[in-house]
Amino acid sequence: MARAGWSHEELVAGVLAGDRRALARAISLVEDGAAQAEELVRAVYPRTGGAASIGVTGPPGVGKSSLLSALVGEVRAQGRTVGVLSVDPSSPFSRGALLGDRIRLADHFLDPDVYIRSMGTRGHLGGLAEATLQALLLVDASGKDVVFLETVGTGQSEVEVIGIADLVLLVLMPGSGDSVQALKAGIMEIPDVIVVNKMDHPGAQTMLQEVRSIVALDPERERRPRILLTDALRGEGVSELWEALEARRRELEERGELASRRVRNLSGEVETLAVARLRERVQAAIADDPRVRAALRGVTRREVDPLSAVSLVVSTLTGGDGT
């Protein structure tokens, strides 16, 4: 039994049929790291790839959730179904960590064709990346047409999490200088679309010009994103923003870049998650294997060199000679 009365077969069938309770149960298994989660994702994976996924990032306080709510309304007005995964890498809570986001998305919370879920890290970024990928696949398999993946910031960890999406939308507002610095420093690759929210702010036009000057440094003109102004609370510029996202996706699809981006993203996730699993095994070996612990003590006493200790760890994991 998968949990609380659901068999594996019932849960798979429920997710594929778009049953909200089955989807919620499945994502809970993913968040808990349950063994059944891997079996579940494996079973539904052939039915994924149909959803358009959009990563939405930006610093706290720029109005991402309000803008996201407006975008959901825009998509729903076209008769398309929507999933929203709100991810908070900094929160120690698993669910309810982003209750405020749920409140801001309250207009859609009871819509049967909108599925909203908040996810937290529980203190382990690698675990969050894995759980987010699996949750995105489950929402995709459930038949949603568009899936938004929202993070709370633009640091390296958040950029890694949204790296599994087809498109990336960066939300800024006047005064969000850290994010502009992240763009300048190359911490965040140039997003597909950039929006400056709160367009009536006195500094909105100044920020717009600053971002344009950064984007213009990219020598590949076709990579340069559109930069728009919005006011999410009043709904101004939201239709134009959605049109820009749709246009960008069509461009990528026509050039064959969308397919190659998906291959790159999924391959990168496989590598990242494999490394995370291996890291866990290394940590376990260091903690549990007396030979490894003895070698580490030897390193601290300058009796064993670090590379010899590394070779011992590798041979412990692989059963080989450590080379």
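Residues numbered from 1 in each chain as written. Predicted model: local features only at pLDDT ≥ 70, side-chain atom pairs only at ≥ 80, totals over all residues. Heavy atoms only, no water.

So, the overall build of the protein
- A count of helices and strands for the protein gives 14 helices and seven strands.
- Counting all 323 residues of the protein, 48% fall into the buried class.
- At a minimum sequence separation of 6, the contacts of the protein that also span at least 24 residues come to 75%.
- A total accessible area of about 15,500 Å² is found for the protein, and carbon and sulfur atoms account for 54% of it. (Helix = DSSP H or I, 4+ residues; strand = E, 2+ residues; numbered from the N terminus. Buried < 20%, exposed > 50% of the residue type's maximum accessible area, 1.4 Å probe, protein only. Contact = heavy atoms within 4.5 Å. Areas by Shrake-Rupley, 256 points an atom, 1.4 Å probe, with all protein chains shown as cover.)

Structural notes on the pairing of strand β7 (residues 226-229)
- Here strand β6 (residues 193-196) runs beside β7; their pairing, made up of four bridges, is parallel. Each residue of the ladder has a partner; that of Val195, found in β7, is Leu228. (Pairing = 2+ DSSP bridges.)

Focus on the environment of Ile190
- One can find Ile190 in the loop between α9 (177-185) and β6.
- Since its relative accessible area comes to 22%, Ile190 is described here as partly exposed.
- Distance in space between the C-alpha atoms of Ile190 and Arg223 is 7.9 Å, their sequence separation being 33 residues.

What about the pattern of salt bridges?
- Per the stated rule, a full pass over the model turns up 19 salt bridges.
- Among the ionic pairs, Asp113 bridges to Arg76, the shortest N-O distance being 3.4 Å. Separated by 37 residues along the polypeptide, Asp113 in the loop between α6 (106-109) and β3 (114-120) and Arg76 in helix α4 (residues 64-77) bring together distant segments of the chain.
- You can call Asp113 partly exposed: its relative accessible area is 31%.
- In this structure, Arg291 engages Asp289 in a salt bridge whose closest nitrogen and oxygen atoms are separated by 3.5 Å.
- Here Asp289 falls in the buried class, since its relative accessible area comes to 15%.
- In this structure, a network of salt bridges that share partners links the residues Asp192, Arg248, Glu251, Arg255, Glu257 and Arg261. (Salt bridge = Lys/Arg side-chain N within 4 Å of Asp/Glu carboxyl O.)

A word on unusual backbone geometry
- Of note, the phi angle at Lys198 is positive, near 60 degrees, even though the residue is not glycine.
- As for its placement among the helices and strands, Lys198 is situated in the loop between β6 and α10 (204-215).
- Lys198 gets classed as partly exposed once you look at its relative accessible area, which sits at 33%.
- A positive phi angle, close to 65 degrees, is found at Arg302, a residue other than glycine.
- When you line up the elements, Arg302 lands in the loop between α13 (290-300) and α14 (306-318).
- Accessibility expressed as a relative area gives 78% for Arg302, which makes it exposed.

Some thoughts on the confidence of the model for the protein
- Looking at the protein as a whole, the pLDDT averages 84, with 83% of positions reaching at least 70.
- Confidence drops under pLDDT 50 across residues 92-102; counting only partners more than four residues distant or on other chains, this segment forms 26 contacts. (pLDDT = per-residue confidence, 0-100.)

Some words on the packing of helix α11 (residues 238-254) against helix α12 (residues 257-288)
- Taken N-terminus to C-terminus, the directions of α11 and α12 make an angle of 90 degrees; their axes are 5 Å apart at the nearest point. By the angle between their axes, α11 is roughly perpendicular relative to α12. For the pair α11 and α12, contact is made by Arg248, Arg249, Leu252 and Glu253 and by Glu257, Leu258, Arg261 and Arg262, respectively.
- The residue inventory of the contact of α11 with α12, partitioned by class, reads two nonpolar, no polar and six charged. (Axes fitted to C-alpha atoms, helices over the stretch in contact; angles between N-to-C directions. Parallel < 35°, antiparallel > 145°, perpendicular 65-115°, else oblique. Nonpolar A, V, L, I, M, F, W, Y, C, P; charged D, E, K, R; others polar.)

A closer look at the packing of α4 against α11
- Contact geometry of α4 with α11 gives a least axis separation of 10 Å together with a crossing angle of 75 degrees. By the angle class used here, α4 and α11 are roughly perpendicular. Facing Leu67, Ala70, Leu71, Glu74 and Val75 of α4, the residues of α11 in contact are Val238, Ser239, Leu241 and Trp242.
- Taken together, the residues of the contact of α4 with α11 break down into seven nonpolar, one polar and one charged.

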